[in-house]
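# Reading the structure
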Amino acid sequence: MRIITSVITICVLALSLTANAEHHGGHKWALSAQESRVSYGSIKNEAIGETNYFKNISGNVNSDGKVNIDIDLTSIETNIDIRNTRMLKHVFDLASPKATLTADVDINEITSLPIGATTIIDTTGILTVLDNEIEIETTFFVARLDEKRFVAMTDEMVMLKTADLGVDAGIDVLQELAKLNSITRIAPVNLRLVFEKQ
């Protein structure tokens, strides 16, 4: 009888610890690359707007709310093959083919959301591109999609200066090659990040 009671007690404790871990965000959340996107806009000749994105991104949020997103710069998609090639050759240094975004979020606030519920969270992160670190302050719109997924989207566009990213010289080359009068030197960036519980 004591053995049965002990087994029941252990099972109850295990279930309690599992529930507690879930409530306090005790899981790792992996980025769903197929459902996520990092995109940015540019304007040439002061009148023609274009949107580009990166096809390969990965990342996760750990149980402490540490966010890490890796962006494969070689996966740039501008919808024009020659421009993709020129971006890789002249703008992105292939010795550092990856950009990284790190941040901290209140994972408890997110994981405690009921399915279908939403919230707004403010966060500060660091974007590292070509060894340049840019501090980013932004607001995310977060929605709990189901038991195993949530989505975080920028609630406002993040405006990045090309000078801060260290790519001005490369953009000068692009402008000359394309015979353009101008290419904007500030880019609006949008993020749609879907995470799945591991």
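Because the structure is predicted, anything quoted here is derived from the model rather than measured.

Basis of the calculations
- Residues numbered from 1 in each chain as written.
- Predicted model: local features only at pLDDT ≥ 70, side-chain atom pairs only at ≥ 80, totals over all residues.
- Heavy atoms only, no water.
- Salt bridge = Lys/Arg side-chain N within 4 Å of Asp/Glu carboxyl O.
- Helix = DSSP H or I, 4+ residues; strand = E, 2+ residues; numbered from the N terminus.
- Buried < 20%, exposed > 50% of the residue type's maximum accessible area, 1.4 Å probe, protein only.
- Contact = heavy atoms within 4.5 Å.
- Patch = residues over 30% accessible without salt bridge, like charges linked within 9 Å, V, L, I, M, F, W, Y side chains within 5 Å.
- Areas by Shrake-Rupley, 256 points an atom, 1.4 Å probe, with all protein chains shown as cover.
- Core = buried A, V, L, I, M, F, W, Y, C linked by side-chain atoms within 4.5 Å.
- Pairing = 2+ DSSP bridges.

## A short note on the pattern of salt bridges
Opposite charge on two side chains allows them to pair when their charged atoms are near. Counting across every chain of the model gives nine salt bridges. Residues R83 and E50 are paired through a salt bridge, measuring 3.0 Å at the closest nitrogen-oxygen approach. Placement of R83 in helix 2 (residues 81-91) and of E50 in strand 3 (residues 48-54) is noted, with a sequence separation of 33 residues between them. In terms of burial, R83 and E50 fall into one category: buried. Note that D146 and R149 form a salt bridge whose closest N and O atoms lie 3.2 Å from each other. Accessibility expressed as a relative area gives 25% for D146, which makes it partly exposed. Linked by salt bridges that have partners in common, E35, D146 and R149 make up one network.

## Side note on the environment of G59
Its location among the elements puts G59 in strand 4 (residues 57-61). Since its relative accessible area comes to 18%, G59 is described here as buried. Measuring from C-alpha to C-alpha, the distance between G59 and L193 comes to 9.5 Å, with 134 residues separating the pair along the chain. Those residues in contact with G59, other than ones at most four positions away along the chain, are W29, A30, L31, N68 and I69.

## Let's talk about a nonpolar patch on the surface
On the surface, M157, M159 and I186 cluster together into a nonpolar patch covering about 290 Å² of accessible area. You can see I186 is positioned in strand 12 (residues 186-197).

## Quick look at the nonpolar core
Residues F54, I69, I71, F92, V142, L160 and F195 are the most contacted members of the largest nonpolar core, which totals 46 residues. Tallying contributions element by element places strand 12 first for this core, with five residues. Dropping the residues within four chain positions of it, V142 is found in contact with I110, L113, A117, T118, T119, I121, F150, V151 and A152.

## Some words on the pairing of strand 7 (residues 98-104)
As judged from the seven bridges shared by strand 5 (residues 66-72) and strand 7, these two strands associate in the antiparallel manner. Note that in strand 7 the partner of D72 across the bridge is K98. Looking at chain direction, strand 7 and strand 8 (residues 118-129) are connected through four bridges and run antiparallel. Each bridged residue has a counterpart across the sheet, and for T100 the counterpart in strand 8 is T128.

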